[in-house]
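Chains, contacts and geometry: an overview
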Amino acid sequence: MSPRDVYVLGGNRIPFVRSGGKYLKASNQDMLTAAIDGLVSRHDLSGERLGEVAAGAVIKHARDFNLTRESVLGSHLSPQTPAYDVQQACGTGLEATILVANKIALGQVDSAIAGGTDTTSDAPLAINDDLRRTLMMVNYAKTPQQRLKALTKIRPGQFAPEQPKNAEPRTGLAMGDHQAITTKEWGISREAQDELAALSHQNLAAAYGRGFFDDLVTPYLGVSKDNNLRPDSTPEKLAKLKPVFGKGEGATMTAGNSTPLTDGASVVLLGSADWAQERKLTPLARFVDGETAAVDYVHGGEGLLMAPPYAIARLLQRNGLTLQDFEFYEFHEAFASTVLCHLAAMESPEFCKERLGLDEPLGSVDRSKLNVNGSSLAAGHPFAATGGRIVASLAKMLHEKGSGRGLISICAAGGQGVVAILEAV
Ligand SMILES: CC(=O)CC(=O)SCCNC(=O)CCNC(=O)[C@H](O)C(C)(C)COP(=O)(O)OP(=O)(O)OC[C@H]1O[C@@H](n2cnc3c(N)ncnc32)[C@H](O)[C@@H]1OP(=O)(O)O
């Protein structure tokens, strides 16, 4: 059977909120359920049995065995909708989109929701390994004597909780500190980073101003807009902030040109042409293709967040496209310098030849087509939810434009990158 066309039919997210704020009491499950229900209500899907829902969170509690299934059970979708968790760090939402799009293309399902959620406000605290093992022994104990014996192994020092770290397990370095190394390697200036960050805020503010998010964002817990947005951000104001990553001489990465820790959830609805037609849903964009790459940032001398150019090169080649064949570029702004390093790498003849194996560099992108409605620096970045935000926004942009393609690029922890192409219909 030849693959079918797959369409993005809609998207929804709750406003993204800075960590430790308005969503302090919301769990990942609460937020993902709210994002799904906003989509269900907007597209009249109440009681509908979809082909499947694939979503996930980067930071989960141990009790969240299948967070996505629980969120579906708590939503207004039919409980007969299968659902499962996906985890690909910051690429989770996009990886989930690629997964379900491929299943729709193969005819395995006709419709699906993909998405993600994350909260650093409700992050799990782990207990000390020794204490955990002792408590397990207490559980296994068959007699009161055995239980007492196990309990005597507990020491007061074991009670300090362990917080999840925003650091790479293999290097112990924070993602920001990894990126600071790459920023220096590529010679990305502070001015260029602050300029990109200010533009992200200005573009997001303008998009809210013209109502772009009216049918993409559902108010939640009294919040109606991403609260990291600072429309008054200018390069001059950002230039005053102190570096927070890669400290020392020449440090350029600040709280203003790095994403904040954020809470939020997002989902997108995908389906075949027949399914969309039966439900009178308008296809916003066609899902063309997706690719994931990984780099050896531990031994291979490549930057932690540099996988996207590798994935983009393979995706373009497979689809017979050049980097310039796009109307929109949606490049996740993990840090302003991540985007700038990717752009510089794709312009570099040496990088493209030696690392990507290309005869010619991929070249430059028209910067007026980059993140035109703002990106993660302004909206915030609830890790797994960023992919859904981008897919839904890009599909709507292509629908509004009526022609052209859009390229999505998301860097992910673990030295990975997920990229995809959407096309106007
Ligand atoms: C995970 C993956 O797979 C891949 C990826 O995406 S990698 C990216 C993952 N994300 C991260 O690593 C998140 C990194 N972020 C952080 O750890 C923290 O947000 C941070 C260390 C960067 C900053 O934390 P913080 O110091 O608490 O920030 P915050 O207090 O909000 O801001 C510091 C100052 O900058 C100011 N500021 C921030 N943004 C500003 C802006 N746009 N304009 C003007 N001022 C701004 C704040 O007002 C604040 O000023 P005061 O000190 O005068 O109050």
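The structure presented is a predicted model; accordingly, all values stated were derived computationally and were not measured. Along every chain, residues carry numbers that run from 1 in the direction the sequence is written. Totals for whole chains, interfaces and linings use every residue, but because this is a predicted model, local features are given only for residues with pLDDT of at least 70 and side-chain atom pairs only at 80 or more, for both listing and counting. Based on all heavy atoms of the structure, the side-chain values leave hydrogens and waters out of the count.

Strands here mean DSSP runs of E at least two residues long; helices mean DSSP runs of H or I at least four residues long; both are numbered from the N terminus. Tallying secondary structure elements over the protein gives 14 helices and twelve strands in all. The atom set for the radius of gyration is the C-alpha atoms, and the globule formula is 2.2 Å times the number of residues raised to the power 0.38. Its C-alpha atoms give the protein a radius of gyration of 22 Å, near enough to 22 Å, the size a compact globule of 425 residues would have. Dimensions of the protein along its principal axes, counting C-alpha atoms only, are 75 × 60 × 45 Å. Note on classification: 1.4 Å probe, protein chains only; a residue is buried when its accessible area is under 20% of the maximum for its type, exposed when over 50%, partly exposed between these limits. For the protein, with 425 residues in total, the buried portion stands at 55%. In the protein, of all internal contacts separated by at least 6 residues, the share reaching a separation of at least 24 is 79%. For the protein, the accessible area works out to roughly 18400 Å², and carbon and sulfur atoms hold 51% of it. Counting rule for charge: Lys and Arg are taken as positive, Asp and Glu as negative, and neither His nor the chain ends is counted. For charged residues, the charge sits on one atom: NZ in Lys, CZ in Arg, CG in Asp, CD in Glu. Computed over 42 positive and 47 negative side-chain charges, the inter-centroid distance for the protein is 8 Å. The contact rule is simple, with two residues in contact once any of their heavy atoms fall within 4.5 Å. Using a 1.4 Å probe, accessible areas were evaluated by the Shrake-Rupley method; residue-level cover was limited to the displayed protein chains.

Here the focus is the pairing of strand 12 (residues 416-424). Among the nine residues of strand 12, seven are classified as buried, and the element is accordingly described as predominantly covered. Judged from the nine bridges that link them, strand 9 (residues 285-294) and strand 12 form a sheet pairing that is antiparallel. The residue of strand 12 that forms the bridge with Thr292 is Val418. DSSP bridges decide pairing: two strands pair if at least two such bridges lie between them. Alignment of strand 11 (residues 405-412) against strand 12, held across eight bridges, turns out to be antiparallel. Bridge assignment links Ile408 to a residue of strand 12, and that residue is Ala420. Here strand 11 folds back onto strand 12, and the loop between the two strands holds three residues, one of which, Gly414, carries a positive phi near 80°.

The next subject is the UniProt feature "domain: Thiolase N-terminal" (unreviewed entry) in the protein. UniProt positions are given in the numbering used here, feature names are shortened, and annotations may be inferred rather than shown by experiment. Per the UniProt annotation, the sites labelled "domain: Thiolase N-terminal" (unreviewed entry) are residues 6-273. Helix makes up 34% of residues 6-273 and strand makes up 15%, while its end C-alpha atoms are separated by 7 Å.

As a further point, take the confidence of the model for the protein. Counting all residues, the mean pLDDT for the protein is 96, and 100% of those residues have values of 70 or more. Scored as a whole, the predicted complex attains pTM 0.96, and scored at its interfaces, ipTM 0.96. Confidence per residue, as judged by the predictor, is encoded in pLDDT with a range of 0 to 100.

Structurally, the position occupied by Asp289 is in strand 9. You can call Asp289 buried: its relative accessible area is 16%. In protein, a polar contact means a hydrogen-donor-capable atom and an acceptor-capable atom, both N or O and within 3.5 Å, with residues adjacent in sequence counting only if both atoms are side-chain atoms; elsewhere, any N or O pair within 3.5 Å suffices. A polar atom in the side chain of Asp289 sits 2.9 Å from the side chain of Asn319. Those residues in contact with Asp289 that lie beyond four places of it in its chain are Leu315, Arg318, Asn319, Val419, Ala420 and Ile421.

In summary, the pairing rule links any two rings of Phe, Tyr or Trp, Trp by its six-membered ring, whose centres are within 6.5 Å, and it sorts them by plane angle into stacked for under 30 degrees, edge-to-face for over 60 and tilted for everything else. Under the defined criterion, the tally for this structure stands at eight aromatic pairs. An angle of 70° between the planes, with centres 5.2 Å apart, marks the rings of Tyr23 and Tyr220 as edge-to-face. Placement of the pair is Tyr23 in the loop between strand 2 (17-18) and helix 1 (28-42) and Tyr220 in the loop between helix 7 (190-209) and helix 8 (235-238), with a sequence separation of 197 residues. Judged by its relative accessible area of 13%, Tyr220 is buried. The criterion is that NZ of a Lys, or CZ of an Arg, lies within 6 Å of the ring centre and within 35 degrees of the ring normal, and then a charge sits over that ring. The ring of Phe212 carries Lys396 above its face, with NZ or CZ at 4.8 Å from the centroid.

When you tally the buried positions in strand 11, you get seven out of eight residues, the bulk of the element. With four bridges joining them, strand 10 (residues 328-331) and strand 11 adopt parallel strand pairing. Counterpart to Glu330 in the pairing with strand 11 is Ile408.

On to unusual backbone geometry, then. A positive phi angle, near 60°, is found at Asp44, a position not held by glycine. Non-glycine residue Leu221 carries a positive phi angle of around 50°. For Leu221, the position within the fold is in the loop between helix 7 and helix 8. Among the residues examined, Leu221 registers a relative accessible area of 47% and is labelled partly exposed.

Moving on: the site of the ligand. As a structural note, the neighbourhood of the ligand is formed by 25 residues, with Arg18, Cys90, Thr259, His381 and Ala413 the closest of them. His332 places a side-chain nitrogen or oxygen 2.9 Å from an oxygen atom of the ligand. In this structure, an oxygen atom belonging to the ligand sits 2.8 Å away from a side-chain N or O atom of His381. The fraction of the free accessible surface of the ligand (1100 Å²) that becomes covered by protein chains is 69%. Each residue receives one of three labels: charged for Asp, Glu, Lys and Arg, nonpolar for Ala, Val, Leu, Ile, Met, Phe, Trp, Tyr, Cys and Pro, and polar for the others, Gly being one of them. Looking at side-chain class alone, the shell around the ligand contains 15 nonpolar, eight polar and two charged residues. Proximity criterion: a residue is near a molecule or strand once any of its heavy atoms comes within 4 Å of it.

Looking now at the UniProt feature "active site" (unreviewed entry) in the protein. Feature annotation in UniProt places "active site" (unreviewed entry) on Cys90, His381 and Cys411, given in this structure's numbering. A maximum C-alpha distance of 12.0 Å is found for the annotated residues, which run over 322 residues; spatially they form one tight group. Within the fold, Cys90 resides in the loop between strand 4 (83-85) and helix 3 (92-105). Sequence-distant contacts of Cys90, defined by excluding residues within four places in its chain, comprise Val58, His381, Phe383, Ile410, Cys411 and Ala412. Mapped onto the elements, Cys411 comes out in strand 11. When near neighbours in sequence (up to four residues on either side) are disregarded, Cys411 contacts Cys90, Leu305, Pro308, His332, Ala334, Thr338, His342, Gln416 and Gly417.

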